[in-house]
Amino acid sequence: MTEMELINFLTKRIPRKKGALRTGIGDDCSVIRVGYKDILITCDNLVENIHFKKKWGPWQTWGHKAAATALSDIAAMGGTPRFAWVNLEIPKNMNAGDIKKFYAGFLKVLKQFDTILAGGNITRSPKYFGATTTVWGEAPKGKAMLRKNAKPGDKVYISDSVGGKSFTPTPHIQLGQQILKRGCRCCIDVSDGLLQDLGHIAKASKVKIILRADKIPHKGNLKEALTNGEDYILAFTGNLPYSNRYHMVGEVRRGKPGVEVINKKGGLLLFSKQGFQHRVADQ
C-alpha cells in the first residue's frame with residue numbers, strides 16, 4: 001500500500017469538511033475556522049534511513065530539514081507560521097551533543113520565520129532516529145490556497161527550479177503570502193516530484209495541466225528533475241503579473257484530470273513514473 005492509497009482509503013471514511021473544519025485530509029494543511037481567521041495545521045516526519053542517512057550531514061542539517069519541510073506546507077497555503085511542536089524518537093547510539101545539534105538546526109529555522117517552539121515529546125527508539133513536526137499557522141478567513149481551486153485558463157507557475165534536492169531547503173513563506181495577496185487561490189508544496197504533486201492539483205480541481213518542457217527551469221536531467229522530489233518549492237496556478245520570483249511553466253485546461261509535459265513542437269513526453277511513492281505497508 002502506498003501513501004496515496006492509504007489517504008484515499010481514509011478520505012472515503014472521514015469527513016473532509018465539517019463544522020469548524022473547513023479543509024481536512026487531502027491538502028498541504030488542515031484549515032480550521034476560528035472567528036475571523038483560519039488556523040492552518042500540518043504535520044511532517046523525518047525518519048533516519050528513510051528521509052536521510054547520518055553520514056550525509058551533521059545533525060544541525062537534519063534539525064533544519066525537519067523544521068523547514070513542515071513550514072513549507074504553511075507556505076503552500078499562503079499562511080503565516082506561529083507555533084511548532086516536535087516529537088523525537090531517540091536511539092541509544094545518539095548522544096546528548098547530537099540531540100542539542102538537532103535542536104540548534106531546528107530552532108534556527110523557526111527563529112528565521114518568527115515561529116515559537118511550543119512543546120513536543122521525547123521517547124526512546126529501539127534503533128533509528130525519528131522526528132515528527134507539527135506546525136500551527138494562520139491565514140485570512142477563506143483565503144487559504146487550496147489544491148481544488150485551479151481553473152481552466154489559469155497559468156501554472158513554480159517558485160524555483162526543480163531537481164535541486166536540498167538537505168537544507170528554505171520554505172517560501174513570504175512568496176506564498178505575496179501570491180495569495182495577488183489573487184492566487186491554488187498552490188502546493190512540491191516534495192514528491194513536480195509531476196506527481198501537480199497531479200494532486202489536477203485531481204482535486206478536476207482539470208488537465210499542461211507543462212511546457214522548454215519553460216521549466218531545472219537542474220540535471222529533466223525527467224529526473226520532474227519526478228525525484230525533495231525540491232520544497234511552490235507550484236501554483238492563476239493569472240499573476242510578471243515577477244522574477246517565479247516562473248510560468250504551463251497552463252490549466254479542461255479535460256481528463258492529469259498532467260502532461262510537451263516539448264517545443266507539441267510532442268508529448270513520456271515518463272515511467274510520476275514521482276516518489278511512499279510505501280507504507282505490503283498488500
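Scroll up a little and you will see the structure.
Q: An account of the pattern of salt bridges is requested, with residue identities and associated values reported.
A: Any two side chains of opposite charge can pair, on the condition that their charged atoms come close. For the structure shown, the criterion picks out nine salt bridges. Ionic pairing is found between Arg253 and Glu251, a salt bridge with its closest N-O pair at 3.0 Å. Glu251 gets classed as buried once you look at its relative accessible area, which sits at 11%. When salt bridges with common partners are traced through the structure, they connect Asp27, Asp28 and Arg147 into a single cluster.

Q: Give me the nonpolar core: which residues, what numbers.
A: Most often, soluble globular proteins have nonpolar side chains that are buried together. In this structure, Leu40, Leu88, Phe102, Phe129, Ile179 and Phe236 are the most contacted members of the largest nonpolar core, which totals 45 residues. For this core, the leading source of residues is helix α2 (residues 59–76), giving 10 residues.

Q: Quick one: what's the story with the side chain of Asp27, residue by residue and with numbers?
A: One can find Asp27 in the loop between β1 (21–23) and β2 (30–34). Judged by relative accessible area, Asp27 falls into the buried class, the value being 15%. At a separation of 3.2 Å, a polar atom in the side chain of Asp27 contacts the main-chain amide nitrogen of Arg147. Setting aside anything within four residues of it in sequence, one finds Asp27 in contact with Met77, Met145, Leu146 and Arg147.

About the thresholds
- Residues numbered from 1 in each chain as written.
- Predicted model: local features only at pLDDT ≥ 70, side-chain atom pairs only at ≥ 80, totals over all residues.
- Heavy atoms only, no water.
- Salt bridge = Lys/Arg side-chain N within 4 Å of Asp/Glu carboxyl O.
- Buried < 20%, exposed > 50% of the residue type's maximum accessible area, 1.4 Å probe, protein only.
- Core = buried A, V, L, I, M, F, W, Y, C linked by side-chain atoms within 4.5 Å.
- Helix = DSSP H or I, 4+ residues; strand = E, 2+ residues; numbered from the N terminus.
- Polar contact = N/O pair within 3.5 Å; in protein donor to acceptor, adjacent residues only side chain to side chain.
- Contact = heavy atoms within 4.5 Å.

Nothing here speaks to function; it is geometry throughout.
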